[in-house]
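# Results of the structural survey
This is what each chain is made of:
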Amino acid sequence: MYKHHSALGLATALRPVQPVTLLRPHAALRAARFFTEKFPGKSLYAVKANPSPDLLQLMWNAGVTHYYVASIGEVRLVAETLPEAVLCFMHPVKAEEAIAEAYFTYGVKTFSLDTIEELDKIVRATRAADGTPASDLNLLVRLRVSSAHSKLSLAAKFGAEPNELKALLQATRQASDALGLCFHVGSQAMSPTAYAEAMERVREAIIGAAVTVDIVDVGGGFPSWYPGMEPPPLEDYFAIIHRHFEALPIAYNAELWCEPGRALCAEYSSLIVRVEKRRGEELYINDGAYGALFDAAHIDWRFPVTALEDDLTQPLAEFSFYGPTCDDADYMKGPFMLPADIQAGDYIESCPASSSAHRTRMSRARP
Ligand SMILES: Cc1ncc(COP(=O)(O)O)c(C=O)c1O
């Protein structure tokens, strides 16, 4: 991986044969400081969005002390990279062995769940050898909320339904030192209304279960700018979240958390690819659906693209991409706007934030 200040300079001077990731540490620092200074609570970095150790260090330097980790691989990575970081293991379905390792080896105290089975698993896995239950757990119950305002739905897989919440919250209260509620409105939430509606579900859940709640975690979903997706300023999101949080019937010292991924790392890295062939309006490039451009292929995400050539003179035209494998599925529909005279051998820079986890070893568990 090269570190270079100018994408154009890199492409024209080095003419790399392989795709190259370009890093912009100052942009990640700026994004992290924005959250640590302006979000009216605690910002946990969602490590899955980009688990690069360099980026983790940058987050720490910018004042991010808490990290949302979703696998034991991420627990190990963050604990090794940032020994003083507070880790929150927030995947609602965890292996019992992973919970035990996180708790006993890495001191992880914060877990999420959306079923009684997962609660039982956490309680079992964190018991002392003499059978004494752990008394220092922060347990966050995940609610199912709508993804209607988001570009990438997270509504189907996780989250307790309203009719399950009363029993689950009451049982979780018994097992926890601090009880929390969490949700995810879906990634790239295009309207702050998404959080207002989800906070209403939180309010109903608290009233229905009559429990004392210590943490409300509004998850990720904070949007970045992409072509055709221009969201309102993040300050609008923060204001609505704060207003709804303040009106909740929760403990006087309750904490507000969020778990941004994309919003913290979107501008950290970009990808430089080479056009290997042009067929009409289709460009064959050297990364794709099985690499860093997963989202462009699988959810038709239109990443911003720029041609890194100064001799292209024609106006922008619409292109689609094929990746480097032999599969038809390795296709990115776009449309991606590039100069009409782009050709084989030319370089393109794109910003595939949140896809980097697909190509790092830490998105998988260590053997
Ligand atoms: C539970 C949870 N929190 C936070 C995130 C980060 O979301 P985003 O990148 O939309 O901010 C994700 C992403 O999938 C998630 O599943």
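Data block above holds the structure.
Computed from a predicted structure; not experimentally measured. (Residues numbered from 1 in each chain as written. Predicted model: local features only at pLDDT ≥ 70, side-chain atom pairs only at ≥ 80, totals over all residues. Heavy atoms only, no water.)

## Considering the overall build of the chain
- From N to C terminus, the chain includes eleven helices and 17 strands.
- Its C-alpha atoms give the chain a radius of gyration of 22 Å, within 12% of the compact-globule value 21 Å for 367 residues.
- Along the first, second and third principal axes, the C-alpha set of the chain runs to 70 × 40 × 40 Å.
- Counting only contacts in the chain whose residues sit at least 6 apart along the sequence, the fraction spanning at least 24 positions is 70%.
- Taken as a whole, the chain presents about 15,900 Å² of accessible surface, with 52% of it coming from carbon and sulfur. (Helix = DSSP H or I, 4+ residues; strand = E, 2+ residues; numbered from the N terminus. Rg over C-alpha atoms; globule rule 2.2 N^0.38 Å. Contact = heavy atoms within 4.5 Å. Areas by Shrake-Rupley, 256 points an atom, 1.4 Å probe, with all protein chains shown as cover.)

## Quick look at the sheet that holds strand 10 (residues 215-217)
- With parallel pairing, eight strands are arranged side by side around a closed barrel as 2-3-4-5-6-8-10-11. Strand-to-strand twist of the sheet, defined as the mean angle between neighbouring strand axes without regard to direction, takes the value 25°.
- Both strand 2 (residues 42-46) and strand 11 (residues 255-258) contribute to a ladder of two bridges, which runs parallel. From the neighbouring strand, Lys-42 faces strand 11, where its bridge partner is Trp-257.
- Packed on one face of the sheet, helix 7 (residues 162-175) meets strand 5 (110-113), strand 6 (138-142) and strand 8 (178-182) and runs near 170° to strand 6. (Pairing = 2+ DSSP bridges. Axes fitted to C-alpha atoms, helices over the stretch in contact; angles between N-to-C directions.)

## Digging into the pairing of strand 11
- Examined bridge by bridge, strand 10 and strand 11 share three bridges and lie parallel to one another. Bridge assignment links Asp-217 to a residue of strand 11, and that residue is Trp-257.
- A crossover links strand 10 with its parallel partner strand 11, the connecting element being helix 9 (residues 234-246), and its sense is right-handed. (Right-handed = clockwise from strand over helix to strand, strands pointing away.)

## Examining helix 3 (residues 53-61)
- For helix 3, the full list of buried residues reads Leu-55, Leu-56, Leu-58 and Met-59. Along the axis of helix 3, the buried positions cluster into a sector of 160°, meaning they face one direction only.
- Backbone geometry just after helix 3 places Gly-63 at a positive phi near 100°. (Buried < 20%, exposed > 50% of the residue type's maximum accessible area, 1.4 Å probe, protein only. Arc of directions from axis to C-beta.)

## A few points about the pattern of salt bridges
- Tallied over the full model, the rule gives 18 salt bridges.
- With a shortest N-O distance of 3.6 Å, Asp-136 and Lys-109 are connected by a salt bridge. Remark: Lys-109 occurs in the loop between helix 5 (96-106) and strand 5 and Asp-136 occurs in the loop between helix 6 (116-125) and strand 6; sequence separation between them is 27 residues.
- Taking relative accessible area as the criterion, Asp-136 reaches 24% and is therefore assigned partly exposed.
- Taking the shortest distance from any N to any O, the salt bridge between Asp-214 and Arg-173 comes out at 3.1 Å. Within this pair, whereas Asp-214 is found in the loop between helix 8 (193-209) and strand 10, its partner Arg-173 is found in helix 7, the two being separated by 41 residues in sequence. Just as Asp-214 is buried, Arg-173 falls in that class too. (Salt bridge = Lys/Arg side-chain N within 4 Å of Asp/Glu carboxyl O.)

## With respect to the nonpolar core
- Ranked by size, the top nonpolar core spans 81 residues in total, and within it Tyr-45, Tyr-67, Phe-111, Tyr-195, Val-218 and Phe-222 carry the most contacts.
- Looking at this core element by element, the count peaks at eight residues for helix 8.
- Once residues lying within four places of it in the same chain are set aside, the contact partners of Val-218 are Phe-39, Phe-183, Tyr-195, Met-199, Ile-241, Leu-256, Trp-257 and Cys-258. (Core = buried A, V, L, I, M, F, W, Y, C linked by side-chain atoms within 4.5 Å.)

## Some thoughts on the layout of surface pockets
- Quantified by volume, the second largest pocket comes out at close to 440 Å³.
- Around the second largest pocket, the lining is made up of 24 residues, and of these Pro-223, Ser-224, Trp-225, Ala-263 and Glu-267 lie nearest the centre.
- Elements that contribute at least two residues to the lining of the second largest pocket include exactly helix 2 (25-38), helix 9 and helix 10 (262-265).
- If one sorts the elements of the lining of the second largest pocket by residue count, helix 2 sits on top with six residues.
- Class assignment for the residues of the lining of the second largest pocket results in 20 nonpolar, one polar and three charged. (1 Å grid on protein atoms, 1.4 Å probe; cavity = no way out; pocket = protein on both sides within 12 Å on 5 of 7 lines; lining within 4 Å. Points joined across faces, edges and corners; volume = space filled by probe spheres on them. Nonpolar A, V, L, I, M, F, W, Y, C, P; charged D, E, K, R; others polar.)

## Considering helix 2
- A rise of 1.5 Å per residue sets the reference length of helix 2, with its 14 residues, at 20 Å; its end C-alpha atoms lie 20 Å apart and thus fit the reference within 8%.
- If you check which residues of helix 2 are buried, you get Ala-27, Ala-28, Leu-29, Ala-31, Ala-32 and Phe-35.
- For helix 2, the elements touching its buried residues are strand 2, helix 3, helix 9, strand 11 and helix 10. (Expected span 1.5 Å × (residues − 1).)

## Here's the deal with the packing of aromatic side chains
- Tallying each qualifying case throughout the model produces 15 aromatic pairs.
- Relative to Phe-238, the ring of Phe-35 has its centre 5.2 Å away and its plane inclined at 65°; by these criteria the two rings are edge-to-face. Pair noted here: Phe-35 is in helix 2 and Phe-238 is in helix 9, with a separation of 203 residues, a long-range link. A single burial state applies to Phe-35 and to Phe-238, both of which are buried.
- Ring centres of Tyr-195 and Tyr-237 lie 5.9 Å apart, and the angle between their planes is 75°; on these two criteria the pair is classed as edge-to-face. Taken together, the residues span a long stretch of sequence, with Tyr-195 in helix 8 and Tyr-237 in helix 9 at a distance of 42 residues. Judged on exposure class, the residue Tyr-195 and its partner Tyr-237 are both buried.
- A cation over a ring is seen here: Lys-94 above Phe-89, with NZ or CZ 5.9 Å from the ring centre.
- The ring centre of Tyr-284 lies 4.7 Å from the NZ or CZ of Lys-277, which sits over that ring. (Phe/Tyr/Trp six-rings, centres within 6.5 Å; stacked < 30°, edge-to-face > 60°. Lys NZ or Arg CZ within 6 Å of the ring centre and 35° of its normal.)

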